[in-house]
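Fold and contact review
Residues per chain, in single letters:
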Amino acid sequence: MRKLLPFFMMMLMSMAALAQSTVSGTVKDAQTGEPIPGATVLVKGTSNGTTTDLDGNYKVEAGADAVLVFSFIGYANVEENVGSRTVVNVGMKTDLTELSEVVVTALGIEKESKTLGYSVSRVSGEKFTKAREISVANNLVGRVAGVNSSAPATGPGGSSRVTIRGNSSLSGSNQPLYVVNGIQIQNSNLGNAGKWDGADYGDAITAINPDDIEDITVLKGGAAAALYGQRGRNGVILITTKSGKYNQGLGIDFNSNVAIDRINDFRDFQNQYGQGTLGAAPVDQQSALNTGLSSWGAKLNGAQVTLFDGQQHPYSAVSGDNLDKFYETGVTFTNSLAISGGGETGNVRLSMGDLRNNSIYPNADYTRNTFNLDASYKLSQKWTASANVNYTKDKANRTKVNDAPGNGNYGIMFLPPNVDADYLDPGYDDMKNEILFGPNAFTTNPYFAANRFITETAKDRVMSVASIKYAPTDWMYIRARVANDFYAFNATQITPTGTAYRPTGSLDVQRTLNHNETNSDLLIGINKDLSSDFSLGVTLGGNILKMKQKQVDVNANGFAFPFLYNPGTAATNSASVSEPQKEIHSLYGSVELGYKDMLYLNVTDRNDWSSTLPSANNSYNYPSVNLSYIFSESLNIAWMDLGKIRAGYARVGGDADVFSTSLYYGTLGAAINGQALGNVDNNVPNPNIEPLQVTEMEFGAEFELFGGRVFTDFAVYNKQTLNDIVPVGISRASGYQNAVVNVGKIENKGFEFLLGGVPVAAGDFRWTSTFNYTINNNKVVELAEGQEILPAGESRTGRAFVQHIVGKPFAQVVAYDYMRDDAGNLVLTPTGLPQAAAEPTAQGTGVHPITGGWSNDITYKNVSLSFLIDFKYGAVIYSGTNSTAYANGLHKETLKGREEGIQMSGVDVDGNPINTTVTAQNYYGAVSNISVEQVYDADFIKFRSLSLTYQFPQIGKVRELSLSLVGRNLFYISKATPNIDPESNYNNSNGFQGLEYLGLPTTRTFGLNLSAKF
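Quick summary incoming for the structure in this document. (Residues numbered from 1 in each chain as written. Predicted model: local features only at pLDDT ≥ 70, side-chain atom pairs only at ≥ 80, totals over all residues. Heavy atoms only, no water.)

**Thoughts on helix 10 (residues 920-927)**
Counting buried residues in helix 10 gives six out of eight residues, a clear majority hidden from the surface. For helix 10, every residue scored as buried is listed here: Ala-920, Gln-921, Tyr-923, Tyr-924, Ala-926 and Val-927. On the buried face of helix 10, the contacting elements are helix 9 (880-888), strand 47 (902-907) and strand 48 (913-918). (Buried < 20%, exposed > 50% of the residue type's maximum accessible area, 1.4 Å probe, protein only. Helix = DSSP H or I, 4+ residues; strand = E, 2+ residues; numbered from the N terminus. Contact = heavy atoms within 4.5 Å.)

**Some remarks on the sheet that holds strand 43 (residues 841-845)**
Taken in spatial order, the four strands make up an open sheet running 40-41-42-43, and their pairing is antiparallel. Looking at the sheet topology across the chains shown, the edges are occupied by strand 40 (789-794) and strand 43. Each adjacent strand pair in this sheet contributes to an overall mean axis angle of 35 degrees, direction not counted. As paired elements, strand 40 and strand 41 (residues 800-805) share five bridges and run antiparallel to each other. Bridge pairing in strand 41 links Leu-790 to His-804. (Pairing = 2+ DSSP bridges. Axes fitted to C-alpha atoms, helices over the stretch in contact; angles between N-to-C directions.)

**Topic: the nonpolar core**
One finds Leu-170, Tyr-327, Tyr-361, Phe-414, Leu-415 and Tyr-923 to be the most contacted residues of the largest nonpolar core, which totals 82 residues. Among the elements that line this core, the one with the most residues is helix 10, at five residues. Phe-414 has contacts with Leu-293, Thr-881, Thr-884, Ala-885, Asn-888, Leu-890 and Leu-998, leaving out every residue within four places of it along the chain. Residues Val-162, Ile-185, Ala-204 and Ile-213 belong to the second largest nonpolar core, which totals 24 residues. (Core = buried A, V, L, I, M, F, W, Y, C linked by side-chain atoms within 4.5 Å.)

**Here we look at helix 9**
Of all the nine residues making up helix 9, eight are buried; the element is thus mostly covered by neighbouring parts of the structure. Those residues of helix 9 lying buried are Gly-880, Thr-881, Asn-882, Ser-883, Thr-884, Ala-885, Tyr-886 and Asn-888. Downstream of helix 9 by a residue or two, Gly-889 has a phi angle that is positive, lying close to 80 degrees.

**Regarding the pattern of salt bridges**
One pass over the full model with this rule turns up 34 salt bridges. Its salt-bridge partner being Lys-220, residue Glu-752 comes within 3.5 Å of it at the nearest N-O pair. In this pair, Glu-752 sits in strand 38 (residues 738-762) while Lys-220 sits in the loop between strand 15 (213-219) and helix 3 (222-225), placing the two residues 532 residues apart along the sequence. Here Glu-752 and Lys-220 have matching classes, each one buried. Between Asp-265 and Arg-267 there is a salt bridge, with the nearest N and O atoms lying 2.8 Å from each other. (Salt bridge = Lys/Arg side-chain N within 4 Å of Asp/Glu carboxyl O.)

**Some points on the sheet that holds strand 13 (residues 177-180)**
Strand pairing in a sheet is mediated by backbone hydrogen bonds. Such pairs are either parallel or antiparallel. Spatially, 10-15-16-13-14 is the arrangement adopted by the five strands of the open sheet, whose pairing is mixed. Whereas interior strands pair on both sides, the edge strands pair on one side only; in this sheet they are strand 10 (120-124) and strand 14 (183-185). Neighbouring strand axes in the sheet, compared pairwise and without regard to direction, differ in orientation by 20 degrees on average. Strand direction decides the pairing type here: strand 13 and strand 14, joined by three bridges, are antiparallel. Of the residues in strand 14, the one forming a bridge with Val-179 is Gln-184.

**Thoughts on the side chain of Thr-497**
Tracing the backbone through its elements, the reader meets Thr-497 in the loop between strand 25 (476-495) and strand 26 (506-529). Among the polar contacts made by the side chain of Thr-497, one reaches the main-chain amide nitrogen of Phe-563 at a distance of 2.9 Å. Here Thr-497 is in contact with Lys-432, Phe-448, Pro-503, Thr-504, Gly-505, Pro-562, Phe-563 and Tyr-565, once residues within four sequence places are set aside. (Polar contact = N/O pair within 3.5 Å; in protein donor to acceptor, adjacent residues only side chain to side chain.)

**Considering the environment of Val-88**
Following the sequence through the fold, Val-88 ends up in the loop between strand 6 (78-81) and strand 7 (90-92). The class of Val-88 is buried, set by a relative accessible area of 1%. A C-alpha to C-alpha distance of 7.3 Å links Val-88 and Thr-26, two positions 62 residues apart in sequence. If we ignore the near neighbours within four places in the chain, the residues touching Val-88 are Val-23, Ser-24, Gly-25, Thr-26, Tyr-58, Phe-70 and Glu-80.

**Quick notes on the packing of aromatic side chains**
Scanning the model with the defined rule gives 34 aromatic pairs in all. Relative to Phe-631, the ring of Tyr-629 lies with its centre 6.3 Å away and its plane at 55 degrees, an arrangement referred to as tilted. Of the residues examined, Phe-631 reaches a relative accessible area of 15% and is grouped as buried. Here the aromatic rings of Trp-639 and Phe-706 are separated by 5.8 Å at their centres, their planes lie at 25 degrees, and the arrangement is stacked. With a gap of 67 residues between them, Trp-639 in the loop between helix 8 (632-635) and strand 32 (640-654) and Phe-706 in the loop between strand 36 (692-705) and strand 37 (710-729) connect regions that are remote in the sequence. The structure contains a cluster of three or more aromatic residues connected by ring pairs, namely Trp-296, Tyr-886, Tyr-923 and Tyr-924. When the ring centre of Tyr-428 is taken as origin, the NZ or CZ atom of Arg-452, which lies over that ring, is 5.8 Å away. Looking at Arg-799, its charged tip hangs above the ring of Tyr-816, at a distance of 4.2 Å from the centre. (Phe/Tyr/Trp six-rings, centres within 6.5 Å; stacked < 30°, edge-to-face > 60°. Lys NZ or Arg CZ within 6 Å of the ring centre and 35° of its normal.)

Bear in mind that shape data such as this cannot, by itself, settle questions of function.
Next up, the structure:
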């Protein structure tokens, strides 16, 4: 029997081997039919398994009684009995609960979302690639509760303004920290239009190619961002780019997008009266030049009149629209190609992007080339190295905005109804001298501005990070990382030879700016189960930030040779050099304790030492604590997949700008008797300045119900800023303009709500809908002792201001009302005209306290429809465009009284009654200075974006192919601002929120998007 035992054993093994057979098949998404590469196929109860290839195919050895388990991140597991089958095809359904399990948090640490005691939102990268914006920040509009995103009306490649949970600083930056693959990027605006004129030079976030984005995670509150220290006090936006996947082979992704832009023309101006003054049309060329943009002439009658060009033209409304004649159809071509691959020990992805935009503004354009390389390699079982490099090169020719000089948007907007834009084209004569069309040399011919003025920018940016990770055990790792952000920026702004107000031209600025910032950090992480009930997570680390920058500005006037803008040939020229430097040293850590997978306590602390603060006050600490309780784990309610409440507290803060603690000087580029001339800064330094502090408390809850069919998240928070660092105006008799001080207190209280789900999921039809709503109540609680108002900005018209006022929300739009006596009677001038009150009054905040959006994704077989509607409420906007339209006689209100005059009743300054009739021209000229008449509710509901996509069946080696019809900024469902877009701010800084004046017209965008994967 013993001799027969080996034989029987061999027989049994042979029978088992014969029972094994090869099972193959394809794994696809159950809704879209797309193959799922990289899915795991495992024979249940064994280690025998494989992964699907690029086409979703697999092969595995399995017996008839085997059970195959199919799994992939973001999908519910599927189990299939093999039986007699040799082909097992599987359709996997997405699992909303699984998709939300792991999120990226501060310092790039991945955590299960249920453990977090603070609010985190994630947006997938596909939301940024179809109905796309050039800047990914603008695509956040209406998508995330608590995030207020807006883009100034300054054209392609312009900057963005994003705030999270309100504004927490009166003069400093209120925008979040952007972190791209662990690289903290410097996102300052490189140039803004001010009160007088200027151009938007863009910001850093425009350097990101949307096709490279895997997802964006928004860390909203202080508790979420505390580990980032002072730079995270306004929240953090984490951008993770795509990478290659292990064991996935070679893949090629291609995306091509073409979009056309058409201007939004919201004007409803009068077209019954033409150029002229006091009811009379021009009688000759000189009177036409004298009346320029004045539309106070006679009623249009079709008679022939002489205009500014000395030619006879019909005195009738022009054929066609002047804005359509001047502005062009904007076109943007975007193409991206990515190659990725991965094996058992490493992966790599290389992408290239090309964007070419021709703006609606003649001769304005923007181009961007991006290159992104991401690689990771397992050096051994315990060592892993990774690196990411992103290079962006962009160029632009930009338009001036706000004031009339050099701004083509000004003259074209206010042309009288009988003056055809074509009469002004090309804007210059044979000697390249500007052709004036009005009495004011500073009102530049729009075609001359577009054809001759130069505002060019160029930027090369390299963002790179390299890290190495050592994991001596499965519960501990050590990571060292170096991240660098470098850019070289150049700007040239030229007033050309032949300009009416500056015939010899000028080099307004030639700027060269080099910026380099390095962050080096070391991180130790521990994640270990202490017992069956308790788990422990510990993070300890340190960071050194080093920033160096050099900016050289050159300007010159009075050139010896026309059209040659060389400072060496100028009668006057000057140069300034600035070389700020900064260092921050940091230590930080966190401890997380979990109990039975339902209760999590997390405590963090960070301490920074900043070089921009005095040595006695340069150390500041950021503690935070948050608690998460998943009560659904103990209640065991069948229809409740997740029920969680959370609470958190954090204190963050910030340092001062460079040169805030000591006086610095600069050179003027001139000399007397060989001795160089210089000047000192006009800000009084403060050697005793203290770091600002921001404290925040947050309470919230999350629910997922009915198998992910319904999900909701809401939060309430209270955020307060103390010791804000602000330059405060002081008496000019001191020899200075401002003093840098710690002032006051700002408070933000808010409520965020998210409700989403799958209302319909039947067969091939699926509808996913998400609604978010935020209300942020902001208040300036205190300023400096005895101070009630802090001036922030002023409209070019001089009739409206932005001020921070104690007891009121941030950025109050302040305007002049009618002057009245104690009895409420109008106080009129001796000629019977209304006049403005002596002091302006606050009309409301220029920042919307209520924001939200409703997004929808509907799929049926191979067709999907996505659209987004967003809204903003509670703000006001002052329109300089409407003010000028009143003064020039274009506003429709100015039709009243044209023939019969305006009857006025009131009193003079002594209280004596006045009853008289005044001309409409004089009356509405006075009304244009009563700026409350041009302050409007900036509330709106907008159909923001739409995409209709067809997913083609698999064709040969093309594993995914889709074509989308897309639209963006399509139309307003409701708005309350006549003649202007309620989103048409021209400056994204604090002092200009709620001020509008002749930015570039906003646009509607239509396009096609083609996506292919091989």
